[in-house]
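Summary of structural features
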Amino acid sequence: MKFKGNKKAFLCLLVCLFYQFSGFGQTQNYKANYTFVQPEGKQVASNGQYENLIEIVKDTYTSNNIFSNQSPFVIVPTISILSEKTAGEVQVVKVIKLEIGLSAQGREDDHVFNKFKKVFTITADDATSAISKALVSLKDDLKIKTFIDQSNSSILSFYQSNCNVILKTVKVNIDRQEYAKAFDYLRYVPEMVSCFKEAEGIITKIFLDSKEENCRKFVQKAHAAEVQKDYNKALFYLQFVDTNVECYTNASALVKKIGERVDEQVLRDFEMEKLTFSKLTDLKKMEIIAKEIDYLTVTINE
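The notes below deal with the structure included here. Because the structure is predicted, anything quoted here is derived from the model rather than measured.

1. Some points on the overall build of the protein
Looking only at helices and strands, the protein features 12 helices and 4 strands. Across the 302 residues in the protein, those meeting the buried criterion constitute 39%. In the protein, the share of contacts with a sequence separation of at least 24, taken over all contacts with a separation of at least 6, comes to 67%.

Below, the structure is given as structure tokens:
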């Protein structure tokens, strides 16, 4: 069958389709990181049952690396009893209606990105048994994977819609010298959104302008470990020190001092770890530094 329309229009259609599916692929490839947070207050389910629910979610979604202990996004599981009725004449049993839910939301602001709910009607002796039966039924439910995929898409859309707001907030944080907060806002900006390059540039600036202060903090931590004769821990901190800062002289002297008390293999391992760290991106370096240093106090050079 021959295309009878204008060739330019046809080519334009192909280009539009390409970008449409390309964008769809990017959305599908984005995976946020989540931490699980159990709901507060008195619960009808036990801690063990909540832990079981969390494991079911992890097992259902094959990309287990999306679950971590450090993330601005949380999944809050909920288990609630909707109703209890007694049934039967010869053998009295309870018919319990319960709901299992998952909520993907922000850790700090409780902004809800997506929700999952499933209602079960279970015949059991009591609520505890009913919850256990419902959890067994929930295993391998494909809707859990759909819930996480939709949560990822919702988070990506949130960043796409709020790029300008995020950058303005970050600039206010920097003006207030709240550099740790600024970094926390920037570190999770997805690569697919329009402001990623600008966010990456700000992260690089924070990293470059904080090298000297970071060096002093790591040397201080390393010295405290060296006093306790914990040489491995001291060297662990010193691997993060940049060589192009004035403070490096103190770090180098401490490495030399420790080198006289450990064998050569320990020093070789230290040099390898230091080399590996030096090859990381500024974003990854900042993630590690922010984890190892309690807070950042740097001066941003305009």
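The structure having been displayed, the exposition proceeds.
2. A short note on the sheet that holds strand β3 (residues 93–106)
Strand order in the open sheet formed by 4 strands is β1-β2-β3-β4, and the pairing between neighbours is mixed. Both edges of this open sheet fall to β1 (35–36) and β4 (112–124), since each of them pairs with a single strand only. Where β1 lies against strand β2 (residues 73–87), 2 bridges are found, and the strand directions are parallel. The partner of T35 across the bridge, within β2, is V74. In this fold helix α3 (residues 127–138) packs onto β2, β3 and β4, with an angle of close to 120 degrees to the strand it touches most, β4. Seen against the sheet, helix α4 (residues 142–161) touches β2, β3 and β4 and runs at an angle of roughly 160 degrees to β4.

3. Some words on the state of the cysteines
Counted under the stated rule, the structure contains 2 disulfides. The side chain of C163 participates in a disulfide bridge whose partner is C195; the two sulfur atoms lie 2.2 Å from each other. An S-S torsion of about -70 degrees defines the bridge between C163 and C195 as left-handed. Of this pair, C163 sits in helix α5 (residues 163–175) while C195 sits in the loop between α6 (179–186) and α7 (196–209), placing them 32 residues apart in sequence. C163 sits in the buried class, given a relative accessible area of 5%.

4. Regarding the nonpolar core
Membership of the largest hydrophobic core comes to 80 residues, with the highest contact counts inside it found for Y34, F67, L98, I100 and L238. Ignoring anything within four residues of it in the chain, the contact list for L238 reads V219, A222, A251, L254, V255, I258 and F270.

5. Observations concerning the pairing of β2
Judged from the 14 bridges that link them, β2 and β3 form a sheet pairing that is antiparallel. When the sheet's bridge partners are listed, V74 is paired in β3 with Q105.

6. Thoughts on the pattern of salt bridges
Tallied over the entire structure, the rule returns 12 salt bridges. Here K118 makes a salt bridge to D141, at a shortest N to O gap of 2.7 Å. With K118 in strand β4 and D141 in the loop between α3 and α4, this pair connects stretches of sequence that are 23 residues apart. For D141, a relative accessible area of 12% translates into the label buried. When the shortest N-O distance is used, the salt bridge between K145 and D149 registers 2.8 Å.

7. Describing unusual backbone geometry
Even without glycine at this site, D140 takes up a positive phi of about 65 degrees. Within the fold, D140 resides in the loop between α3 and α4. Positive phi values are uncommon outside glycine, yet K229 reaches one of about 65 degrees. Mapped onto the elements, K229 comes out in the loop between α8 (211–227) and α9 (231–238).

About the criteria used
- Residues numbered from 1 in each chain as written.
- Predicted model: local features only at pLDDT ≥ 70, side-chain atom pairs only at ≥ 80, totals over all residues.
- Heavy atoms only, no water.
- Helix = DSSP H or I, 4+ residues; strand = E, 2+ residues; numbered from the N terminus.
- Buried < 20%, exposed > 50% of the residue type's maximum accessible area, 1.4 Å probe, protein only.
- Contact = heavy atoms within 4.5 Å.
- Pairing = 2+ DSSP bridges.
- Axes fitted to C-alpha atoms, helices over the stretch in contact; angles between N-to-C directions.
- Disulfide = S-S within 2.5 Å.
- Core = buried A, V, L, I, M, F, W, Y, C linked by side-chain atoms within 4.5 Å.
- Salt bridge = Lys/Arg side-chain N within 4 Å of Asp/Glu carboxyl O.

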